[in-house]
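# Examining the three-dimensional arrangement
Okay, here's what each chain looks like letter by letter:
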Amino acid sequence: MGDANKMKLPDLDVVLKQMVLNLKEYLQDKSIDDPAMVGIHTGGVWLAEKLHSQLTLGDPLGELDITFYRDDFTRTGLHPSVKPSELPFSVEDRHIILVDDVIMSGRTIRAALNELFDYGRPASVTLVALFDLNARELPIGADIVGQALALKEGERVKLTGPNPLAVELIHYSLS
Amino acid sequence: MQNTSLQLNQLGQLKHFLDVEGLSKELLTEILDTADSFISVGKQQVKKVPLLRGTTVVNLFFEASTRTRTTFELAAKRLSADVINMNISTSATSKGESLMDMLRNLEAMDADMFVVRHENSGAPHFIAEYVTPNVAVVNAGDGRHAHPTQAMLDMATIRRHKGDFENLSVAIVGDIMHSRVARSQIHALKILGAKEIRLISPETLLPPFIENLGATVYHDMRDGVADVDVVIMLRLQKERMQSALLPSEQEFFNLYGLTETKLKLAKSDAIIMHPGPINRGVEIQSEVADCDRSVILNQVNYGIAVRMAIMSMAMAGQNQSSLSSISDKGGEK
């Protein structure tokens with residue numbers, strides 16, 4: 001948001017450390033104990049692995065591939081590298097921490113929530129995103145955001161990983 | 001048959017699924033990978049994904065079938081499509097309506113996909129050729145020609161239980177001549193690179209020149225199953241008994257039925273498969289069908305996921321080809 005001219009990409013270690021603190025505080029405020037974490041393929045899972053290892057959660061990390069729940073199937077078809085969703089715990093009545101790398105339009109999160117509810121009825125869902133690109137098309141917001149980014153037209157961020165986890169700024173040409 | 005161009009759109013994606021013959025290893029692998037992801041849907045509390053919401057699938061069965069029709073219906077419903085089952089033997093064609101006229105009527109109801117089973121080889125291809133654009137056709141078994149979704153669910157079963165095809169010897173046992181399943185399995189195994197395909201059958205139940213497909217023929221089952229990783233038993237249709245092709249059920253069982261004794265000759269971890277319905281005591285001993293190496297019921301389970309994969313890929317391929325014909329007006333995103 002702040003930097004006017006050339007955008008500097010943040011130091012991930014610093015951002016992640018702050019996210020863990022914010023998330024812990026958030027869970028405490030809401031008196032949520034024993035939450036389960038779910039990452040959205042692919043970047044969200046990488047990020048969730050980092051957060052999961054620092055939160056000492058009881059259950060292993062769950063993974064969602066939202067391909068089958070996307071709203072643009074008729075336009076873009078099936079993604080060729082669909083991965084199976086795997087939730088190694090019951091969603092029913094659990095407090096879920098949903099993790100994705102980037103929140104932009106909100107459509108991915110809409111699809112992920114739909115899929116999550118097909119596994120059961122969670123007690124609550126907390127949304128965590130590394131970057132918020134402030135380009136919402138749906139009334140969905142993240143509870144914990146690593147950093148808001150103001151991208152110019154023709155710019156995108158891409159997370160690479162899982163080890164090391166890194167961000168890069170991609171310029172693509174329109175038309 | 002000239003299937004490849006009929007089955008694929010200009011981007012090389014599946015738009016009809018009529019036959020495995022002529023398809024690439026990459027495409028078959030993509031079907032298997034996609035099917036793997038659909039298996040988890042059956043474990044959800046709500047066993048449904050919204051992928052084909054709002055599309056209409058018509059099951060056109062010109063030949064009786066319970067299992068195949070049911071799994072296609074279940075697959076379509078798990079994709080959130082609406083399904084109509086047409087039992088044609090009791091319907092219009094018996095009143096004298098031509099196949100073409102019936103097709104036009106179903107198209108007028110805005111169907112998006114036909115799943116076709118027909119006693120004549122090539123019927124699904126005929127329908128795919130003359131159906132209006134944007135309607136996908138899936139072959140659910142045609143005559144003695146092909147049963148490609150069964151072959152793909154068999155490949156999914158083999159891959160999940162035995163891993164890479166390159167190291168596998170697979171034996172197909174029984175009535176090869178009348179089996180569209182066997183023919184599709186041979187093509188699929190060949191394309192996926194199986195090490196060895198063996199066909200075990202009496203001369204009378206073997207089509208001429210079948211070796212040309214790349215399989216080895218055995219008449220003695222003991223030689224045929226020696227050291228194989230997979231034994232696929234075929235159903236012996238009772239009506240074959242009335243023809244002069246076989247002496248008796250008992251003799252067939254003695255020579256070609258899978259018994260515990262014959263199974264001992266295969267690898268100790270070999271799996272046993274059967275497309276169903278099984279005739280206990282004709283092609284397979286009851287104890288063998290129920291033993292822990294039998295994956296016959298797993299086949300049924302994977303069959304739903306494989307059909308979900310094929311239906312959604314064909315639907316996507318249809319959408320993509322209709323999009324690209326009106327495209328170049330600016331890309332998405």
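Residues numbered from 1 in each chain as written. Chains lettered and ligands numbered in written order. Predicted model: local features only at pLDDT ≥ 70, side-chain atom pairs only at ≥ 80, totals over all residues. Heavy atoms only, no water.

### Describing the interface of chain A and chain B
Across the boundary between the two partners, chain A contributes 21 residues, which contact 22 residues of chain B. Contact between chain A and chain B buries roughly 1900 Å² in total, counting both sides, with carbon and sulfur atoms accounting for 58%. If you look at where chain A meets chain B, you find zero salt bridges. At the boundary of chain A and chain B, one finds five residue pairs in polar contact (both at pLDDT 80 or more). Within the residue set of the side of chain A that touches chain B, elements represented by two or more residues are α3 (73–76) and α4 (107–119) of chain A. Across the side of chain A that touches chain B, the residue classes break down as eight nonpolar, six polar and seven charged. (Contact = heavy atoms within 4.5 Å. Buried area = accessible area lost by both parts, 1.4 Å probe. Salt bridge = Lys/Arg side-chain N within 4 Å of Asp/Glu carboxyl O. Polar contact = N/O pair within 3.5 Å; in protein donor to acceptor, adjacent residues only side chain to side chain. Helix = DSSP H or I, 4+ residues; strand = E, 2+ residues; numbered from the N terminus. Nonpolar A, V, L, I, M, F, W, Y, C, P; charged D, E, K, R; others polar.)

### Considerations on unusual backbone geometry
Residue and element names in this part refer to chain A. The amide bond that connects G161 to the next residue, P162, takes the cis arrangement and shows omega of 0 degrees. The peptide bond linking N163 to P164 adopts the cis configuration, its omega dihedral lying at 0 degrees. Mapped onto the secondary structure, P164 falls in the loop between β6 (155–160) and β7 (166–171). Positive phi outside glycine occurs at D34, with the angle close to 55 degrees. By the element assignment, D34 lies in the loop between α1 (12–29) and β1 (36–40). For D34, a relative accessible area of 45% corresponds to the partly exposed category. (Buried < 20%, exposed > 50% of the residue type's maximum accessible area, 1.4 Å probe, protein only.)

### Here's the deal with the packing of aromatic side chains
Across all of its chains, the model carries three aromatic pairs over all chains by this definition. Geometrically, the ring pair formed by F68(A) and F38(B) is stacked, given 3.9 Å between the ring centres and 10 degrees between the ring planes. Taken as a pair, F68(A) in the loop between β2 (62–64) and α3 and F38(B) in helix α2 (residues 25–39) lie in two separate chains rather than in one. Judged by its relative accessible area of 4%, F68(A) falls in the buried class. An angle of 50 degrees between the planes, with centres 4.9 Å apart, marks the rings of F126(B) and Y130(B) as tilted. Highlighted residues: F126(B) and Y130(B), both in helix α5 (residues 123–130), separated by four residues, approximately one helical turn. Residue F126(B) is classed as partly exposed on the basis of its relative accessible area of 34%. Residue Y130(B) is classed as partly exposed on the basis of its relative accessible area, which comes to 40%. Geometry around F89(A) places R94(A) over its ring, the cationic atom sitting 5.8 Å from the centre. (Phe/Tyr/Trp six-rings, centres within 6.5 Å; stacked < 30°, edge-to-face > 60°. Lys NZ or Arg CZ within 6 Å of the ring centre and 35° of its normal.)

### Quick word on the domain arrangement of chain B
Residue and element names in this part refer to chain B. According to the domain assignment, chain B consists of domain 1 (4–146 + 300–320) and domain 2 (148–295). The centre of domain 1, based on its C-alpha atoms, is set 26 Å off from the matching centre of domain 2. Taken residue by residue, the interface counts 34 residues in domain 1 and 26 residues in domain 2. Of the roughly 2500 Å² buried between domain 1 and domain 2, counting both surfaces, carbon and sulfur atoms make up 61%. The largest per-residue losses of area from domain 1 upon contact with domain 2 belong to L32, R144 and Y302, which jointly make up 27% of the total buried on that side. Between the two partners, domain 1 and domain 2, sit five salt bridges. The salt bridge partner of D36 is R159, with a shortest N-O separation of 2.9 Å. Run the count over domain 1 and domain 2 and you get nine residue pairs in polar contact (both at pLDDT 80 or more). The set of elements that each furnish at least two residues to the side of domain 1 that touches domain 2 consists of α2, α3 (67–78), β3 (113–118), β4 (136–142) and α13 (296–325). (Domains from an automatic or database assignment.)

### With respect to the pairing of strand β3 (residues 95–103) of chain A
Residue and element names in this part refer to chain A. Summarising burial for β3: seven of the nine residues are buried, a large majority. Direction of pairing for β1 relative to β3: parallel, over a ladder of four bridges. What sits directly across from G39, in β3, is V99. Where β3 and strand β4 (residues 124–132) come together, eight bridges link them in parallel fashion. Directly across from I96, in β4, lies its bridge partner V125. Remark: the β3/α4/β4 crossover connection has right-handed handedness. (Pairing = 2+ DSSP bridges. Right-handed = clockwise from strand over helix to strand, strands pointing away.)

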